[in-house]
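Spelled out from the first residue to the last, the chains are:
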Amino acid sequence: MRVTQNLDFRRLRAAQGVSQIGSQIGILALPLAALQVLHASAFEVSVLTAAQVVPFLLIGLPAGVWVDRLPRRPILIISDLMRAVLLLTVPLAYALDLLTLGQLYVVAFGQGVATVFFDVAYQSYLPDVVEPDQLTDGNAQLELARSASQLIGPSAGGWLISVLKAPVALCADALSFLFSAFMVSRIPRDREKPVARGGPRASWSVLRKEIGEGLAFVRRHRLLAPVAGVGALLNFSYGMVAAIFTTYAVRELGFSAAKLGTLMAIGALGVVLGAFVARGLSQRLGTGPSIVLGALLNGVGPLCSPAAPASATEVVITCGLFLQSFGVVLFNVNQVSLRQSITPRPLMGRMTATIRFVMWGTLPVGSLCSGALASAFGLHRALWMSAAVGALAFLGVLFSDVRTAGTRNSPLTPVTTGTAAAGVPSMADAPVES
């Protein structure tokens, strides 16, 4: 059976697709609310960007333990509802003329906390909704839904912001999270496979022990460790670029919200193409080579923004966004499928949380660094330095066992059982990954 014939998977895909459209609107609207309504500086906008991802550093690891101890479906629903409520406070405060930068920081941070739990639970929940041999196809379908959102969201967001102002446009993002919560609630409770859990309460010693098991599993694994390291460097560079790109485009290039949203939407066609070809490329090249290629394109694409000449600024920037978005999909579909295939299910939440902690934990650091660089050297030079950081990240997977993983000579065998005991990290030497 194809994964698209799975009704519960279609519900999960619909939830993600619509909420991603809203999130794309929010990606534009939140910093533009700070820039246009509150006249924030480049550094203040970078702090706002950092506030959304710093929870991955603060609570990312214990979140993995809690996700492994609790049913994942309710976590997804509650996280969506929390994000919707937080976002709705922004247009309300704007209507009452009470909006402040401090409130935007609180909303961004609260959204980040909810996103930590949602993302860890979401990637751990997918193997319950699809069969093991459908993981790559399932992840590719979800990336296709995300690609459609990146095609529709930025352009729709740009026009909404132009007509309604940035704070009011956040209502669309809030509504998308409400829809997501509704769709996930329609997935039957018994779809989630039973796992022995200890409940939400755990002593500090137990919490530390279980966090340590997740860290050790990733750190000692000859495939997961390099993937996590490369992802961390790519995200560090992305955090740097994302924190100042909107400010650079608006203040130095003179882009309107509508133009910026349109260019981002056209660049997102790379996500559409990537989602369509990810499975075929993975079957032709192998999982590992696809990860390497994805990391290469992901790192090179951002260089186009500072390199864009005045005679073709929009074209070159759009091409860079296209390359990067294509690389992101190729990298993500294959590395997530790899992780889900080789991790025992009792460790799935902690593995995901550990990877997210390592990969996403560099985002706020990158955001703050680029804000400081922009203040010291100007936006254009800071954008050059930010993009250059990720350009060579692909070497970390090229010169590792990831390069041959999932090829004809090194097939991947799905792992559906396992133990959460401390001895699990010895999987690094198992034939599953070789």
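These figures come from a predicted structure and were not determined experimentally.

Engineer: Pulling in residues and values, what's your account of empty space enclosed by the protein?
Structural biologist: Remark: the empty space left among the atoms is shown by a probe the size of a water molecule rolled over them. Summed over the entire model, instances satisfying the criterion amount to 2 cavities of 30 Å³ or more. Its boundaries defined by the atoms lining it, the second largest cavity holds a volume of some 40 Å³. Every residue along the wall of the second largest cavity is listed here: Leu234, Ser237, Tyr238, Asn298, Gly299, Pro302, Gln324 and Gly390. Sorting elements by how many residues they give to the lining of the second largest cavity places helix α10 (residues 224–251) first, with 3 residues. Of the residues in the lining of the second largest cavity, the class split is 3 nonpolar, 5 polar and no charged.

Engineer: Explain the side chain of Ser367 to me, using residue names and the numbers behind them.
Structural biologist: Note that Ser367 resides in helix α17 (residues 362–377). Of the polar contacts made by the side chain of Ser367, one reaches the backbone oxygen of Gly239; its length is 3.3 Å. Residues contacting Ser367, with those up to four places away along its chain left out, are Ser46, Thr49, Ala50, Gly239, Met240 and Ala243.

Engineer: Hey, could you go over the packing of helix α2 (residues 42–53) against helix α6 (residues 101–129) for me, with residue numbers and the actual values?
Structural biologist: Contact geometry for α2 and α6: axes closest at 6 Å, N-to-C directions at 25°. Put simply, α2 runs roughly parallel to α6. Contacts between α2 and α6 involve Glu44, Val47, Leu48, Ala51 and Gln52 on the former and, on the latter, Leu101, Leu104, Tyr105, Ala108, Phe109, Gln111 and Gly112. Tallied by class, the residues present in the contact of α2 with α6 amount to 8 nonpolar, 3 polar and 1 charged.

Engineer: An account of a nonpolar patch on the surface is needed here, citing residue identities and associated values.
Structural biologist: A surface patch of nonpolar side chains, amounting to about 330 Å² of accessible area, comprises Leu57, Leu58, Phe109 and Val365. According to the relative accessible area criterion, Leu57 is partly exposed, its value standing at 32%.

Thresholds, definitions, all that
Residues numbered from 1 in each chain as written. Predicted model: local features only at pLDDT ≥ 70, side-chain atom pairs only at ≥ 80, totals over all residues. Heavy atoms only, no water. 1 Å grid on protein atoms, 1.4 Å probe; cavity = no way out; pocket = protein on both sides within 12 Å on 5 of 7 lines; lining within 4 Å. Points joined across faces, edges and corners; volume = space filled by probe spheres on them. Helix = DSSP H or I, 4+ residues; strand = E, 2+ residues; numbered from the N terminus. Nonpolar A, V, L, I, M, F, W, Y, C, P; charged D, E, K, R; others polar. Polar contact = N/O pair within 3.5 Å; in protein donor to acceptor, adjacent residues only side chain to side chain. Contact = heavy atoms within 4.5 Å. Axes fitted to C-alpha atoms, helices over the stretch in contact; angles between N-to-C directions. Parallel < 35°, antiparallel > 145°, perpendicular 65-115°, else oblique. Patch = residues over 30% accessible without salt bridge, like charges linked within 9 Å, V, L, I, M, F, W, Y side chains within 5 Å. Areas by Shrake-Rupley, 256 points an atom, 1.4 Å probe, with all protein chains shown as cover. Salt bridge = Lys/Arg side-chain N within 4 Å of Asp/Glu carboxyl O. Buried < 20%, exposed > 50% of the residue type's maximum accessible area, 1.4 Å probe, protein only.

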